[in-house]
4 protein chains.
Amino acid sequence: MNLANGRPYLAIPGPSVMPDRVLAAMHRAAPNIYAGALPDMVQTLWPDLRALAGTAGHVALYIANGHGAWEAANANLFSRGDRALVLATGRFGHGWKESALAMGVRAECLDFGKSAPVDLAQLEAALRADPGHELKAVLVTHVDTASSVKNDIAAIRAVLDVVGHPALLAVDCIASMGCDPFEMDAWGVDVAVAASQKGLMVPPGLGILWFSDQALARSRSADLRTPYWDWTPRATATEFWQHWAGTAPTHHLFGLRESLNMIAEEGRAVVWARHAALARTVWAAFEAWGVGNPDIALNVADPAHRGHAVTAARLGAPHATRLRIWLEQKAGVTLGIGLGMALPSEPAYDGFLRVAHMGHVNAHMTLGVLAAMQAGMVALDIPHGPGALDAAARVVAGAAGA
Amino acid sequence: MNLANGRPYLAIPGPSVMPDRVLAAMHRAAPNIYAGALPDMVQTLWPDLRALAGTAGHVALYIANGHGAWEAANANLFSRGDRALVLATGRFGHGWKESALAMGVRAECLDFGKSAPVDLAQLEAALRADPGHELKAVLVTHVDTASSVKNDIAAIRAVLDVVGHPALLAVDCIASMGCDPFEMDAWGVDVAVAASQKGLMVPPGLGILWFSDQALARSRSADLRTPYWDWTPRATATEFWQHWAGTAPTHHLFGLRESLNMIAEEGRAVVWARHAALARTVWAAFEAWGVGNPDIALNVADPAHRGHAVTAARLGAPHATRLRIWLEQKAGVTLGIGLGMALPSEPAYDGFLRVAHMGHVNAHMTLGVLAAMQAGMVALDIPHGPGALDAAARVVAGAAGA
Amino acid sequence: MNLANGRPYLAIPGPSVMPDRVLAAMHRAAPNIYAGALPDMVQTLWPDLRALAGTAGHVALYIANGHGAWEAANANLFSRGDRALVLATGRFGHGWKESALAMGVRAECLDFGKSAPVDLAQLEAALRADPGHELKAVLVTHVDTASSVKNDIAAIRAVLDVVGHPALLAVDCIASMGCDPFEMDAWGVDVAVAASQKGLMVPPGLGILWFSDQALARSRSADLRTPYWDWTPRATATEFWQHWAGTAPTHHLFGLRESLNMIAEEGRAVVWARHAALARTVWAAFEAWGVGNPDIALNVADPAHRGHAVTAARLGAPHATRLRIWLEQKAGVTLGIGLGMALPSEPAYDGFLRVAHMGHVNAHMTLGVLAAMQAGMVALDIPHGPGALDAAARVVAGAAGA
Amino acid sequence: MNLANGRPYLAIPGPSVMPDRVLAAMHRAAPNIYAGALPDMVQTLWPDLRALAGTAGHVALYIANGHGAWEAANANLFSRGDRALVLATGRFGHGWKESALAMGVRAECLDFGKSAPVDLAQLEAALRADPGHELKAVLVTHVDTASSVKNDIAAIRAVLDVVGHPALLAVDCIASMGCDPFEMDAWGVDVAVAASQKGLMVPPGLGILWFSDQALARSRSADLRTPYWDWTPRATATEFWQHWAGTAPTHHLFGLRESLNMIAEEGRAVVWARHAALARTVWAAFEAWGVGNPDIALNVADPAHRGHAVTAARLGAPHATRLRIWLEQKAGVTLGIGLGMALPSEPAYDGFLRVAHMGHVNAHMTLGVLAAMQAGMVALDIPHGPGALDAAARVVAGAAGA
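Since we're looking at a predicted model, the values are computed, not measured. (Residues numbered from 1 in each chain as written. Chains lettered and ligands numbered in written order. Predicted model: local features only at pLDDT ≥ 70, side-chain atom pairs only at ≥ 80, totals over all residues. Heavy atoms only, no water.)

1. Here's the deal with the UniProt feature "modified residue: N6-(pyridoxal phosphate)lysine" (unreviewed entry) in chain A
All names here are of chain A.
Part 1 of the argument: UniProt records the feature "modified residue: N6-(pyridoxal phosphate)lysine" (unreviewed entry) for K198 in the present numbering.
Part 2 of the argument: When you line up the elements, K198 lands in the loop between β7 (191-195) and β8 (206-211).
Part 3 of the argument: Every residue in contact with K198, bar those within four places of it in the chain, is listed here: P13, G14, S16, T145, I174, A175, M358 and G359. (UniProt positions renumbered as here; feature names shortened; annotations may be inferred. Helix = DSSP H or I, 4+ residues; strand = E, 2+ residues; numbered from the N terminus. Contact = heavy atoms within 4.5 Å.)

2. Some points on the sheet that holds strand β10 (residues 310-314) of chain B
Residues and elements named next belong to chain B.
Part 1 of the argument: Read from one edge of the open sheet, 5 strands run β1-β11-β12-β10-β9, paired in mixed fashion. One side of each edge strand has no neighbouring strand; the edge strands of this open sheet are β1 (9-11) and β9 (297-298).
Part 2 of the argument: As judged from the 5 bridges shared by β10 and strand β12 (residues 352-356), these two strands associate in the antiparallel manner. Looking across to β12, one finds that V310 is bridged to A356. (Pairing = 2+ DSSP bridges.)

3. Here's the deal with the packing of helix α12 (residues 363-379) of chain C against helix α12 (residues 363-379) of chain D
Part 1 of the argument: It is at 7 Å that the axes of α12(C) and α12(D) come closest, and there the two elements cross at 115°. Looking at the two axes, α12(C) sits roughly perpendicular to α12(D). Crossing of α12(C) against α12(D): the hand is right-handed. Contact residues: H364(C), M365(C), L367(C), G368(C), V369(C), A371(C), A372(C) and A375(C) in α12(C); H364(D), M365(D), L367(D), G368(D), V369(D), A371(D), A372(D) and A375(D) in α12(D).
Part 2 of the argument: Broken down by class, the residue content of the contact of α12(C) with α12(D) amounts to 12 nonpolar, 4 polar and no charged. (Axes fitted to C-alpha atoms, helices over the stretch in contact; angles between N-to-C directions. Parallel < 35°, antiparallel > 145°, perpendicular 65-115°, else oblique. Left-handed = near helix turned anticlockwise from the far one by under 90°. Nonpolar A, V, L, I, M, F, W, Y, C, P; charged D, E, K, R; others polar.)

4. Description of the interface of chain B and chain A
Part 1 of the argument: Counting residues at the interface gives 51 residues for chain B and 51 residues for chain A.
Part 2 of the argument: Interface area for chain B against chain A, summed over the two sides, is near 4200 Å², with a carbon-plus-sulfur share of 64%.
Part 3 of the argument: Contact with chain A buries area across many residues of chain B, yet L3(B), R7(B) and H364(B) alone supply 21% of it, more than any other trio.
Part 4 of the argument: Our count for the chain B to chain A interface comes out at 2 salt bridges.
Part 5 of the argument: D20(A) is paired through a salt bridge with R7(B); the nearest N and O atoms lie 3.7 Å apart.
Part 6 of the argument: For the side of chain B that touches chain A, the secondary-structure elements that each account for two or more residues are α10 (268-290), α11 (319-331), α12 (363-379) and α13 (388-400) of chain B.
Part 7 of the argument: In terms of residue count, the dominant contributor to the side of chain B that touches chain A is α12(B) (12 residues). (Buried area = accessible area lost by both parts, 1.4 Å probe. Salt bridge = Lys/Arg side-chain N within 4 Å of Asp/Glu carboxyl O.)

5. Observations regarding helix α4 (residues 91-102) of chain D
Residues and elements named next belong to chain D.
Part 1 of the argument: Helix length check: α4, at 12 residues, gives a terminal C-alpha distance of 17 Å against a target of 16 Å (1.5 Å per residue), a fit within 8%.
Part 2 of the argument: Those residues of α4 that sit buried are F92, G93, H94, G95, W96, K97, S99 and A100.
Part 3 of the argument: Buried-residue contacts for α4 involve α3 (66-77), β3 (83-88), β4 (106-111), β5 (135-141), β6 (168-172) and β7 (191-195).
Part 4 of the argument: At the C-terminal side of α4, G104 shows a positive phi close to 95°. (Expected span 1.5 Å × (residues − 1). Buried < 20%, exposed > 50% of the residue type's maximum accessible area, 1.4 Å probe, protein only.)

6. Details of the UniProt feature "binding site: substrate" (unreviewed entry) in chain A
Residues and elements named next belong to chain A.
Part 1 of the argument: With numbering matched to this structure, UniProt assigns "binding site: substrate" (unreviewed entry) to R354.
Part 2 of the argument: Accessibility expressed as a relative area gives 1% for R354, which makes it buried.
Part 3 of the argument: A polar contact of 2.7 Å, which involves the side chain of R354, links it to the backbone oxygen of T145. (Polar contact = N/O pair within 3.5 Å; in protein donor to acceptor, adjacent residues only side chain to side chain.)

7. A short note on the domain arrangement of chain A
Residues and elements named next belong to chain A.
Part 1 of the argument: For chain A, the assigned domains are domain 1 (9-16 + 268-400) and domain 2 (31-264).
Part 2 of the argument: Centre-to-centre, using C-alpha coordinates, domain 1 lies 28 Å away from domain 2.
Part 3 of the argument: Note on domain 1 versus domain 2: buried area summed over both sides is about 2300 Å², and carbon and sulfur give 57% of it.
Part 4 of the argument: Taken as a group, R268, W272 and H305 account for 27% of the area that domain 1 buries against domain 2, more than any other trio of residues on that side.
Part 5 of the argument: Put simply, domain 1 and domain 2 have 1 salt bridge between them.
Part 6 of the argument: The partner of E183 in a salt bridge is R268, and the shortest N-O contact between them spans 2.8 Å.
Part 7 of the argument: At the junction of domain 1 with domain 2, the criterion picks out 17 residue pairs in polar contact (both at pLDDT 80 or more). (Domains from an automatic or database assignment.)

8. What about the pairing of β8(A)?
Residue and element names in this part refer to chain A.
Part 1 of the argument: Within β8, 6 of the 6 residues are buried, which leaves it mostly tucked inside the rest of the structure.
Part 2 of the argument: The alternating pattern of β8 places L206, I208 and W210 on one face and G207, L209 and F211 on the opposite face, and all of these are buried.
Part 3 of the argument: Here 6 bridges tie strand β2 (residues 58-63) to β8, and the two strands are oriented antiparallel to one another. Bridge pairing in β8 places I63 opposite L206.
Part 4 of the argument: In terms of strand pairing, β7 meets β8 through 5 bridges, oriented antiparallel. Residue A195 lies in a different strand from β8, and its bridge partner there is G207.

9. A word on the relation of the copies chain B and chain A
Part 1 of the argument: Least-squares fitting of chain B to chain A yields an RMSD of 0.0 Å, with the transformation described by 0.0 Å of translation along the axis and a rotation of 180°. Taken together, the rotation and translation relating the two chain copies correspond to the operation of a two-fold axis. Residue G368(B), judged by its C-alpha, is the member of chain B lying nearest the rotation axis, at 1.7 Å.
Part 2 of the argument: Both copies contact each other with a shared surface, as 100% of the interface residues of chain B are interface residues in chain A too. (Least-squares fit on C-alpha atoms with pLDDT ≥ 70 in both.)

10. Re the pattern of salt bridges
Note on pairing: side chains with opposite charge can pair once their charged atoms come close.
Residue and element names in this part refer to chain B.
Part 1 of the argument: Summed over the entire model, instances satisfying the criterion amount to 68 salt bridges over all chains.
Part 2 of the argument: For the salt bridge of K150 with D180, the shortest nitrogen-to-oxygen distance reads 3.1 Å. Taken together, the positions of K150 in the loop between β5 (135-141) and α6 (153-163) and D180 in the loop between β6 (168-172) and β7 (191-195) put the pair 30 residues apart, joining distant regions of the chain.
Part 3 of the argument: Residue K150 is classed as buried on the basis of its relative accessible area of 13%.
Part 4 of the argument: Classification of D180 by relative accessible area gives buried; the value is 0%.

11. Some words on the side chain of D144(A)
All names here are of chain A.
Part 1 of the argument: Summarising the element assignment, D144 is placed in the loop between β5 (135-141) and α6 (153-163).
Part 2 of the argument: For the buried D144, no salt bridge is present, and the opposite-charge side chain at shortest range is R354, 6.6 Å distant.
Part 3 of the argument: Separated by 3.0 Å, the side chain of D144 and the backbone nitrogen of F92 make a polar contact.
Part 4 of the argument: Setting aside chain neighbours within four positions, we find D144 in contact with T89, G90, R91, F92, G93 and V149. (Lys, Arg positive; Asp, Glu negative; His and termini not counted.)

See below:
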């Protein structure tokens, strides 16, 4: 019997759940794009976007998705033939590299696999192997949406500093912005890349770039810049249309305003702490299910290297696919597929899955996902260790307090 | 720490969760009320409303809430000074009686307490004590929203038949319509009363009366009828405005259309089965929590007498209030207060609470509520038996199947 | 060819155009009805509703339409057998009378036809003919929605005072509230009746009663009161549910809040002045069209007796119906039918129509209606005098200024 | 006095009025982007988009605005250093040229001023001056949004054919698609460019490219292609994400689906005819106002060269600015500024304005704009000839018929 007919919960790592407030803010008549409410409102976005990323630097908004935001970063960072160093800890690190390669950048990759963060020693060696400072930038994902591996960005910056390498540090925060702590200026990040549809809880369609003065200065010689991707007019517009290289994304901007209102009301640090607590809730359940069941395991062994917005986990083929289908059809929950995580021996998606806990998500939603997962395991005879739900509830109790 | 900032779940026994489809259907420009889309659409409501209640009888819609629907029923059933028999199994049974009394009906009450259904022997005795057939109608709640006690309506009808008493049988289905099985014609019900905001998943503002030919015939002599409450023009309108005794409730009607679409798509019997399964899920958790903790107990001992849309339970004062507050502030769940259930020794609401599982509700939502409740009990040091969440997950697994 | 496919304009006298802000405010998840945002918000409605009607008296909200609001007024004003005097200046005056009669009130009617206001001399004579003060109340429409006749309420109060008759003065403001100036206390009104779907720009479903201390005092002996209609608990509730005699009309209340916000932002007097200017715009066009065409004429000769929210006018059968159909199919405008205005010699609706200019309406909308009407007259070969659109534009220019 | 407080009408040439149906379709929970309703629905978009443009060719959708769509076209048409011929008949023709130049294309411009279409003889001469066929493509606006000049695309193709020049023909249909007749295949167009926010009535955020097999073949050697702009995977995706080079623009796609539904229901040819009729309505008013007032004139003398979605007109400085402000503040209408049309002697915007009649627009809306404009001219003492509104109403009458 189908027990899914209620409010469905889309627990994939983006698009995340759109808050009613955001959707309501976007349900409006088209505004004038030359004067009035829209341009006035947009002036309030810039300081809030800077505060979100922890920077006093520049911000550019693009009508684009995350791949477009990568391309925007590449266009402002590089000229054709430039060298770049990409630190890959999952599918999306490779994706950024492929974008750069296709644009004519000589992007080289240090691949740290799918379950571990950047090895700082390898990074240091690679930088020292470039005494001529040909590497224009280091590209790295803060949290890889596919593997849920989180990298220590401040530590990566420290390696650059120790080596004395002038490469810019560009960070893909698409899966982490608004979920995991991120301090752009304190951590020495030159370029941060995000998109609207994850921690920012706005439908897909906006890419966001933050960048430092130094990155702005270097971009002046980047010959991959085009009118659409060039961040300079977008960040320093004197006429409203220049922010968008044309017509503004009117409705998304009102959605973003509401999303930033929600984050401000809750407080950025509280938002981060909520994500951390819900991530630990999910981890506790998986750890209990995995006792005695080697097929069930979190993808990243060390909690310090796990992102707080999405959890990649192994369930063993074909259980991951069976459970995902059961949850959607029987319980009203849609989990994420295991993107790029398949073992050579198994069909794509069948062995891994991802649970998102990203953006507009609370204890009820997360606990409900875990309890529904366990119901599915019972129904599908997927072996699993005991006590997972009690453990998850205890994490919530401990985090929430009395 | 607050872990509530996500999509809140209002798990009170009405208003229930409004589906996005229903809210979207109501978000529209005002329609013409004399011709066009609205009158055309309304013609499709009547057969679907009849099918929902299992009747070939009449239907009247009112712009009103449940109390208004009671009053409408009373106005069509009675003249001033008429006698009525009310069978009360909770707060709302008494409420209907009070409405009748205030309108000048001599309503007499058989009170079966707050945790038990109608005692058929007492009913039989009361009917036999009226050999002159002065009692014009028997009023009873199918499920009392406050106590969650469910009555066996067919059995009550059988008593009337056995006694040969001609009183009309009027049933308050406000908390049960669209949730618990109800077969108006097969069960011999003369008047059924419902409202929009529970199993029908539409904002408060519509009352619904179904009535038999016999009830229609008797209403012709009911002197409590007024132009607004008289069901005859509403059910037999030849001009559109007569359905509403004036202006139609335009937006609610489009919401109701969408709600009935959803019920039709799922199937009335499947909707009922979903509610039954989710009710048993909730019961399983309470039963486990109650092991060794006499303070925690379902209000109704016999599952056959429990409604499927709401569960009243005892947690012991002050735990019920503390837990409700914790859930709302920390987890994003709002439970119902224990309406009219307080023991003499305790403050109102502190000892009982109600969990709704009514209308637009699925396994994820219900399991999430239970897991969040257990997290709250842990956080608040409310003693509770073990294994509740595993038991609840097993009920879902068993009902949903592989 | 159809030139209607754009934003349609429903220019019927209720429901009026619902502002996007109102519809957006109603598109929301169901709220808790025991605590939180809803009860807090509702406290802000009462002073704003009082200010709207110009009274320091009491307010009661009903889940009902205008006919329900009439019935609520009757229930609180009368006991069965009481006498009332109804002053009818159109279809809806008679409607209120019929409601009272059906409830057992001996309502007597002074009928002033369909195109003229109350004749004060006749009123005085009728009051003087009741030296025993059996008439408990005088019922009158401020503006009759069908005829668009407006009555001078202050003058009617003066007649009561001159005669020294203690009857309460009850006024139907359904078509005028929020459109025409109304000063309940200054004009000595005891009961004012309105509904949500006209000047208040909220979907049908709310009735509103304002009443004086004296009316409250007299209602204590009104035996037509029922739990649903009794205004005392609604106006003086100590528990939230008492305001609604049960479940609150949650979504309509948020819509009403937004509507009152809009009125407050514009200013009640400015809203009235806008309606006056747009009414004069419509009148100017009809006066021009009527030159040389006796078939075309405003229903009310004296501008002082015309309501500002709706204009009833004669076009001559069958032109009214033909033009209405043309406008809806070809131009995107729906006008109101001529309710109760037909001459004996012509089919219903064919000779009269009504143009609403009520609530959320501006110069563009009103001028567009008039220009579209003239286009229709040209297309349908309906004779009409010249210069109507220029005249209408001049009225707007004069009212709006430079 | 302000007579603007009603439903405002944004009559600027993009974003146009978003239909309620489109906004409602976009007000929805985020969908899964890997399977289910979204990918299924998207399959239905392609044939409808092809039908809209009159082509059996390829379609690619971009998350971008019109400027992004230009850049996409350039990226697929050109390698750095390629030559292109741009035919400019207004501000936006120059904009496309500037985009190409900034991307490294040697774009040469034939400038036909702001009030006239492409001179075919000049075009022929320019093509004949390129016997080596270095010009890779001819870029031209179908209708320039700024000047409202419309070009005869089929005639331009004929010149290419007569000369035997193999340059691809790329057409900017941003202001015309869904408004003016356009037959991509019949007219021999290789690339057509559009965006969501004009005739398609969807919020800004989608760019659309249609392209021929030949254009696809030539694009394989275009070295300006990047992963985001490359149209090949977008048009020939085997995995859903490839259509979007990443995450899909979920909500816009549902909006586009609804917009295409509306166009299909009305019929593409009927939509075009509606725009033609409303354009002639606007022209008729301007022609009347201009009699005896040389300051008032349509920008394009020959009706055959005027676009049907927007009308640029001269009012004389400072009247254009004064009237626009008056209309917004007093009447609820926002007109477009005169973009790039200013005379050397006058401040920007003060002399010209643009009236949009684009997308979701009907006779009521358009006639209302004209009547409100005349009211503003009266209020502001702007001299204007008589009879404009009667003339406009006659055009509507003639087009709509009886």
